[in-house]
Amino acid sequence: MATKKKTTSFIQKLSTHVSELSALAWEGTLEDYIAMVIEDPSIHINAHSRVLKMIESSGVQKNEDGEVESYDFFKGDLFGVEESLEELMSYLRAAAAGSEVSRRILLLYGPTSSGKSQLAVLLKRGLEEFSKTEEGRTYCLSESPMFEDPLCAIPNALRPEFEKEYGLKIQGQLSPLMTLKLEQEYGGDFLKLPVKRFFFSEQSRVGIGTFVPSDKKSQDVSELVGSMDLSKIGDYGSESDPRAYRFDGELNVANRGIMEFVEMLKVDQKFLYVLLTLAQEKNIKTGRFPFIYADEFLLAHTNETEYKRFLAKDEMEALHDRIIVIKVPYNLNVKNEVQIYEKLINQASFEGVHIAPYTLHCAAMFAVLSRLKDSKHEGLSIMNKMRLYNKEEVEGFSQGDVPMLKREFEHEGMGGVSPRYVINRISSALAQDNTDCITPIDVIRSIRDGFASNPKLDAKEVERLENILTSVIEEYGKIARNEVQKAFFVNFEEEVQGLLANYMDNVGAYLDGNRLEDDWGEPGEPNERLMRSIEEKVGITESGKRSFRAEIYRKMLRSISSGDGAYNYKDHPKLREALEKQLFDERQDIIRLTVSSRSPDEEELKRINVVIATLCDKYGYSASSANKLLRYVSSLMARN
């Protein structure tokens, strides 16, 4: 009965959706449309403006200085390509303004699986949905197979006055077919031409075209520009009659919207010359016809190898100047890389398999490290560079140094391991028989197993990736110990905060030259033994203790004065490490004995059960993954 109700409810939703689409339909004459446009000029915009408007209408996030930080349109779909997206928006803003930029092809280039195709898909799907909104409504001549702008029917002689009167600039001419229809069926009375609202659809080939190259010998340029309909030549008596022509090429159907050119630089040169004409002149050239005006956002993408080969061809120099290139590298931020994996995993079905904490994080660390290059700056290891790119604090560097570091290597992020490879290995681990959970060790093992079956990896590259995996394993060892140690504390955060407060009180008194009261209310000197015990955990020397104390105390005061509340010790990696080590060292022996015991007694078994429960309740583990974590940490402690 419940299933029947759900089915009925869903059918009602489908019916409502169809009704809403029908309600959006509009038909009238060009005279009606002109009156509508005069009342609301925002209807009459070019293809680039439409895409720009679509993106911005979804929401724009700005920082305190009013600078754009992100666009909601891309949220949840693209991660770690903010610089590329900002370049895209700059291009669209310039093109929407009617500058020469609108007469350029936008080319995305980068390594495989960097997000180029996904970006194109997002824009196309977004345009489809946007055209169904009030803000995105678009109109065309009803009888045009190219969804032509109705105002193109206004004669050239009247356009200057129309622009002067209403501020509406008209570009382009009617296609040969609509010119013929206007003369023969409407006696030249352009005001009577029928106009309708239309909705962009890639599936129905309405305002969105997609061209995919195939065999150069068999692929014909008619796929782009349309072709003669031989069955109609006899009816109209001439191959130059537009009624005997199929305006069904990808460039024809993409008019007013987006034309995606997949792997553009792999096609024969004759296809590129067609694009050159369209980009520069906004015209499609076909045999037996004059130029056919088309207004579309030309979006192409290719890989770096093809792009370099294209630049080396002198005969393609004219096209070089007609292309605006946006580099789309791999993501270099670990958090964003994890989001990519989470999105892809959620699209699949691995029910009943638990992913232990830090599993995706370790996979992401491996991927990002494989894409980074060793910096020439002293004191910046590749691991610390990864942390800096991940917006973590690194001693001796700040976030202000990141742009400088990224300029150090122009091609950083253009190579390394792709998200596709990593997600394939994660999926392989998830799909194992009798698996109820996967851990970082499972995924690291799966990644390593995949090296042998990857034909792109030579012995030297495998060695490099093996070394990176070793670094990731070392990093996970620290994380694993930390997770287990935290679980041994009844309330870890409270104990850290208590130790922090005690330490800061002593630091403040030390810096100000004051005395502190002890538990009995007696004044005494700051507890130097406590402070040094904490500081020595992270290698702070006797000579460097004052500057370290002054730095963290200054940050605490700044945090309080700015209204942020209590100082967050996690914002200072060294202080965090020092405090945690101090707490852990106090219980190191009991942790080691409990975890490493092969035959735990009743008391130890009780402690282990409490730790497992804590890992499950507070830190996101399942019972199975918590047990695996304890066994792993036990093996680590046994080696030391």
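Overview of the structure. What you see is a predicted model, and the numbers here were worked out from it, not measured in a lab.

**Re the overall build of the chain**
Counting its regular elements, the chain contains 27 helices and 18 strands. For the chain, the C-alpha radius of gyration of 32 Å lies well beyond 26 Å, the compact-globule estimate for 640 residues. Taken along the three principal axes of its C-alpha coordinates, the chain extends 105 × 70 × 55 Å. Across the 640 residues of the chain, 48% fall into the buried class. Within the chain, counting contacts between residues at least 6 apart in sequence, those at least 24 apart form 71% of the total. With the model as given, the accessible surface of the chain reaches about 32,400 Å², and the carbon-plus-sulfur share is 49%. Between the mean site of the 83 positive side-chain charges and the mean site of the 103 negative ones, the chain shows a separation of 3 Å.

**A few points about unusual backbone geometry**
With phi around 55°, Lys282 is a residue other than glycine that occupies positive phi space. Positionally, Lys282 belongs in the loop between α11 (269-281) and β11 (283-284). What makes Lys282 buried here is its relative accessible area of 8%.

**Focus: the sheet that holds strand β7 (residues 208-211)**
The strand order across the open sheet built from 5 strands is β7-β10-β13-β4-β14, with neighbouring strands paired in parallel fashion. Either end of the sheet is taken by a strand with one partner, and the two such strands are β7 and β14 (323-327). Mean inter-strand twist for the sheet, computed between neighbouring axes without regard to direction, equals 20°. Alignment of strand β10 (residues 258-262) against strand β13 (residues 297-302), held across 5 bridges, turns out to be parallel. Of the residues in β13, the one forming a bridge with Glu260 is Leu299.

**A short note on the environment of Gly167**
Within the fold, Gly167 resides in the loop between α6 (159-166) and α7 (176-185). Using a relative accessible area of 59% as the deciding quantity, one classes Gly167 as exposed. As for Gly167 and Ile38, which are separated by 129 residues in sequence, their C-alpha atoms are 9.1 Å apart.

**Quick word on the sheet that holds strand β6 (residues 194-198)**
One open sheet holds the 3 strands; their spatial order is β1-β6-β5, and the pairing between them is antiparallel. The open sheet has two edge strands, β1 (27-29) and β5 (138-141), and neither has a second partner. Each adjacent strand pair in this sheet contributes to an overall mean axis angle of 35°, direction not counted. Sheet analysis places β1 next to β6, joined by 3 bridges and oriented antiparallel. By the bridge assignment, Glu27 is partnered in β6 with Lys196.

**A few points about the nonpolar core**
Within soluble globular proteins, side chains that are nonpolar tend to cluster in buried spots. Ranked by size, the top nonpolar core spans 63 residues in total, and within it Tyr341, Phe366 and Ile426 carry the most contacts. Residue contacts for Tyr341: discarding those within four places in its chain leaves Leu360, Ala363, Ala364, Ala367, Pro419, Val422, Ile423 and Ile426. Leu177, Ala254, Ala279 and Ile292 belong to the second-largest nonpolar core, a separate cluster that totals 39 residues.

**Some words on the packing of aromatic side chains**
The full count for this structure, using the stated rule, is 14 aromatic pairs. Relative to Tyr139, the ring of Tyr33 lies with its centre 5.5 Å away and its plane at 55°, an arrangement referred to as tilted. With Tyr33 in helix α2 (residues 30-39) and Tyr139 in strand β5, this residue pair connects regions lying 106 residues apart in the sequence. With respect to burial, Tyr33 and Tyr139 carry one shared label: buried. When the ring of Phe73 is compared with that of Phe74, the centres are 5.1 Å apart and the planes differ by 90°; the resulting orientation is edge-to-face.

**As for the pairing of strand β3 (residues 68-71)**
Sheet faces and side chains relate simply in a regular strand, where the side chains alternate between the two faces. Sheet topology note: the strand β2 (residues 60-62)/β3 ladder contains 3 bridges and is antiparallel. Note on β3: the bridge partner recorded for Lys62 is Val68. Connecting β2 to the next strand, β3, in antiparallel fashion are 5 residues, including Gly66 with a positive phi near 85°.

**Some words on the side chain of Glu260**
With respect to the secondary-structure elements, Glu260 resides in strand β10. For Glu260, a relative accessible area of 4% puts it in the buried group. Side-chain polar atoms of Glu260 contact the side chain of Lys124, separated by 2.4 Å. Residues in contact with Glu260, not counting those within four places in the same chain, are Ala120, Lys124, Gly209, Thr210, Phe211, Leu299 and His301.

**Brief notes about the packing of helix α15 (residues 359-371) against helix α18 (residues 419-430)**
Contact geometry of α15 with α18 gives a least axis separation of 10 Å together with a crossing angle of 150°. Compared by their axis directions, α15 and α18 come out roughly antiparallel. For α15 against α18, the interelement crossing comes out right-handed. From α15, Leu360, Ala363, Ala367 and Arg371 reach across to α18, where they touch Pro419, Val422 and Ile426.

**Topic: the environment of Leu465**
Topologically, Leu465 is positioned in helix α20 (residues 459-487). Every residue in contact with Leu465, bar those within four places of it in the chain, is listed here: Phe366, Ser370, Val417, Phe451 and Leu457.

**What about the environment of Glu260?**
Each C-alpha atom, one on Glu260 and one on Leu299, is 4.9 Å from the other, the two residues being 39 residues apart in sequence. Within the structure, the side chain of Glu260 is placed 2.7 Å from the side chain of His301, a separation counted as a polar contact.

**Here's the deal with helix α21 (residues 492-512)**
Along its 21 residues, α21 runs 30 Å from first to last C-alpha, staying within 8% of the 30 Å computed at 1.5 Å per residue. Residues of α21 that are buried include every one of Phe492, Val496, Leu499, Leu500, Tyr503, Met504, Asn506, Val507, Gly508 and Ala509, and no others.

Procedures and definitions
- Note on numbering: residues in each chain are counted from 1, in written sequence order.
- Per-residue local features are limited, in this predicted model, to residues with pLDDT of at least 70; the limit for side-chain atom pairs, both in listing and counting, is 80 or more; totals at the level of whole chains, interfaces and linings are taken over all residues.
- Each side-chain value is derived from all of the structure's non-hydrogen atoms; neither hydrogens nor water enter the calculation.
- Under the DSSP-based scheme used, a helix requires at least four consecutive residues in state H or I and a strand at least two consecutive residues in state E, with every element numbered from the N terminus.
- Using C-alpha atoms as the atom set, the radius of gyration is obtained and then compared with a globule rule of 2.2 Å times the number of residues to the power 0.38.
- Burial status follows relative accessibility: with a 1.4 Å probe on protein chains alone, a residue under 20% of its type maximum counts as buried, one over 50% as exposed, and anything between as partly exposed.
- Here, two residues are considered to be in contact whenever any of their heavy atoms come within 4.5 Å of each other.
- Per-residue accessibility takes into account occlusion by the displayed protein chains alone, with areas from the Shrake-Rupley method and a 1.4 Å probe.
- Within this scheme the basic residues Lys and Arg register as positive and the acidic residues Asp and Glu register as negative, but His and the chain ends are omitted.
- Note on charges: their place is set at NZ of Lys, CZ of Arg, CG of Asp or CD of Glu.
- The criterion for strand pairing is that DSSP finds at least two bridges linking the strands in question.
- Angles shown run from 0 to 180 degrees and are taken between the N-to-C directions of axes, each axis being a line fitted to C-alpha atoms and, for helices, limited to the stretch in contact.
- Residues enter a nonpolar core if they are buried and are Ala, Val, Leu, Ile, Met, Phe, Trp, Tyr or Cys, with the set joined through side-chain atoms within 4.5 Å.
- Side-chain rings of Phe, Tyr and Trp, where Trp is taken by its six-membered ring, are said to pair if the distance between their centres is within 6.5 Å; with planes under 30 degrees apart they count as stacked, over 60 as edge-to-face, and otherwise as tilted.
- Any pair of N or O atoms that falls within 3.5 Å is considered a polar contact. Within protein, one atom must be able to donate a hydrogen and the other to accept it, and sequence-neighbouring residues count only if both atoms are side-chain atoms.
- Any angle that falls under 35 degrees is termed roughly parallel, while one over 145 is termed roughly antiparallel, one within 65 to 115 roughly perpendicular, and all others oblique.
- Here is the rule for handedness: rotate from the far helix to the near one, and if that takes an anticlockwise turn smaller than a right angle the crossing is left-handed, while a clockwise turn gives right-handed.
- Take the number of residues in a helix, subtract one, and multiply by 1.5 Å to get its expected span.

These results come straight from atomic positions and should not be treated as a statement about function.
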